[in-house]
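Fold and geometry: a report
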Amino acid sequence: MSTQSPAYGLWGLVLLNSVLFILFAFSFYKPHSRRDWRSFGMYSAFVVALFTEMYGFPLTLYLLSGWLAQKFPGVDFLAHDAGHLLEVMFGWRTNPHFGPFHVLSSIFIFGGFWLLAKAWHVLYHAQRESRLAMTGPYAVIRHPQYAAFVLIMFGFLLQWPTLVTLAMFPVLLVAYARLARHEEAEVLARFGDAYRDYQRRTPAFFPRFGGKGASRQAP
Amino acid sequence: MHETHDHSHRDEGNDGMPLRNKLVWIVFAVIAGFYLWTEHRAHLLGALPYLLLLACPLMHLFMHHGHAHGKTPPDKSNPGQP
């Protein structure tokens, strides 16, 4: 599978994949405010960093090559498949594209995109009618779009972990949490008690299952 | 304001997306899935122009969708709450 063509230096694929996944998110996020653009920009940076390593230059694999070669002798780390690191380390050692981490990652990624689209649809109509978005995903958590971005990025991490994206992830989590807090202050100022009531009823990021109890989403 | 496709999802509190949005989502998901699952090798580069071509009607659909609605939510007066 990895014989005839090089696995890296495929800058066309870097470009194409980045554009595709950024466009996908753009279509269902439609940034308006500066804050929207910031959260969208952070997601985009993550996507570009990821695909640059996946198809362009595998920085992580180079940096870890010594350790990896020792730990996993016989794995060709210059081949694309080896970049699905979690599969190599803990997976089933078959075609990584059908291994447990890839499957899980796909669920997170497409689930995230689905949530993003759903939430956007609700928010769009709420904004047009100058009311609060409280139905659909907004009935479950207060910030479904941020949660969606986090789910998507977490999915990508499962699929193709890199040092850069691993380092970016916690930073993005904090940034999204802060954006969410600022946003709530604004919405509170505008909608007052209606929003305070909604806040009381609805958790910010982690849906309540049954009565109470946290979800499995990354912190 | 009350454009043609508006009433397809006019019913209050309806969370279902209109068919058009769903379609766009599915097309995106199929292309994305294609990239995530197939062997991402040289033969894909051969398909590149076609995929970009494919993206054109897709984008048109979306841009048009945006226009038809006439007005986008005024972001100043109504801070979003994603």
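1. A few points about the overall build of chain B
Looking only at helices and strands, one finds two helices and zero strands in chain B. In chain B, which comprises 82 residues, the proportion classed as buried is 39%.

2. Description of the pattern of salt bridges
Residue and element names in this part refer to chain A. Taken as a whole, this structure holds seven salt bridges over all chains when the rule is applied. Linking Glu 129 and Arg 131 is a salt bridge whose minimum nitrogen-to-oxygen distance equals 2.9 Å. Where Asp 197 meets Arg 200, a salt bridge forms, and the shortest distance between an N and an O atom there is 3.6 Å. Taken together, the residues Asp 197 and Arg 200, both in helix α10 (residues 193-201) and three residues apart, mark about one turn of the helix. A single network of salt bridges, built from pairs that share partners, joins Arg 35, Glu 183 and Glu 186.

3. Re the environment of Pro 161 of chain A
Of note, Pro 161 of chain A is situated in the loop between α8 (144-159) and α9 (163-191). A sequence separation of 76 residues divides Pro 161 of chain A from Leu 85 of chain A, and the C-alpha atoms of the two residues are 6.6 Å apart.

4. Thoughts on helix α6 (residues 100-128) of chain A
Compared with the 42 Å implied by 1.5 Å per residue over 29 residues, the 42 Å span of α6 of chain A between its first and last C-alpha is a close match. Two residues or fewer after α6 of chain A comes Ser 130 of chain A, characterised by a positive phi angle close to 50 degrees.

5. Examining the packing of helix α1 (residues 11-27) of chain A against helix α1 (residues 19-37) of chain B
At a closest axis distance of 11 Å, the pairing of α1 of chain A and α1 of chain B adopts a crossing angle of 150 degrees. In terms of axis orientation, α1 of chain A runs roughly antiparallel to α1 of chain B. Crossing hand, α1 of chain A versus α1 of chain B: left-handed. Each of Leu 13, Leu 16, Asn 17, Leu 20, Phe 21, Leu 23, Phe 24 and Ser 27 of chain A in α1 of chain A lies in contact with α1 of chain B, whose residues at this interface are Trp 25, Phe 28, Ala 29, Ile 31, Ala 32, Tyr 35 and Leu 36 of chain B. Residue composition of the contact of α1 of chain A with α1 of chain B, grouped by class: 13 nonpolar, two polar and no charged.

6. Quick look at the nonpolar core
In this structure, Phe 21, Tyr 43, Phe 51, Phe 113, Phe 149, Phe 156 and Tyr 176 of chain A are the most contacted members of the largest nonpolar core, which totals 63 residues. Looking at this core, the elements that each hand over two or more residues are α1, α2 (34-56), α5 (85-90), α6, α8 and α9 of chain A together with α1 of chain B. Excluding its chain neighbours within four sequence positions, the residues that come into contact with Phe 113 of chain A are Phe 21, Phe 24, Ala 25, Tyr 43 and Ile 152 of chain A together with Trp 25 of chain B.

7. So, a positive patch on the surface
Residues and elements named next belong to chain A. Together, Arg 34, Arg 38, Arg 178 and Arg 181 make up a positively charged patch on the protein surface. Elements that contribute at least two residues to the positive patch include exactly α2 and α9. By secondary structure assignment, the location of Arg 38 is in helix α2. With relative accessibility at 52%, the residue Arg 38 sits in the exposed group.

Parameters at a glance
- Residues numbered from 1 in each chain as written.
- Chains lettered and ligands numbered in written order.
- Predicted model: local features only at pLDDT ≥ 70, side-chain atom pairs only at ≥ 80, totals over all residues.
- Heavy atoms only, no water.
- Helix = DSSP H or I, 4+ residues; strand = E, 2+ residues; numbered from the N terminus.
- Buried < 20%, exposed > 50% of the residue type's maximum accessible area, 1.4 Å probe, protein only.
- Salt bridge = Lys/Arg side-chain N within 4 Å of Asp/Glu carboxyl O.
- Expected span 1.5 Å × (residues − 1).
- Axes fitted to C-alpha atoms, helices over the stretch in contact; angles between N-to-C directions.
- Parallel < 35°, antiparallel > 145°, perpendicular 65-115°, else oblique.
- Left-handed = near helix turned anticlockwise from the far one by under 90°.
- Contact = heavy atoms within 4.5 Å.
- Nonpolar A, V, L, I, M, F, W, Y, C, P; charged D, E, K, R; others polar.
- Core = buried A, V, L, I, M, F, W, Y, C linked by side-chain atoms within 4.5 Å.
- Patch = residues over 30% accessible without salt bridge, like charges linked within 9 Å, V, L, I, M, F, W, Y side chains within 5 Å.
- Areas by Shrake-Rupley, 256 points an atom, 1.4 Å probe, with all protein chains shown as cover.
- Lys, Arg positive; Asp, Glu negative; His and termini not counted.
- Charge placed at Lys NZ, Arg CZ, Asp CG, Glu CD.

Keep in mind these values describe shape, not function.
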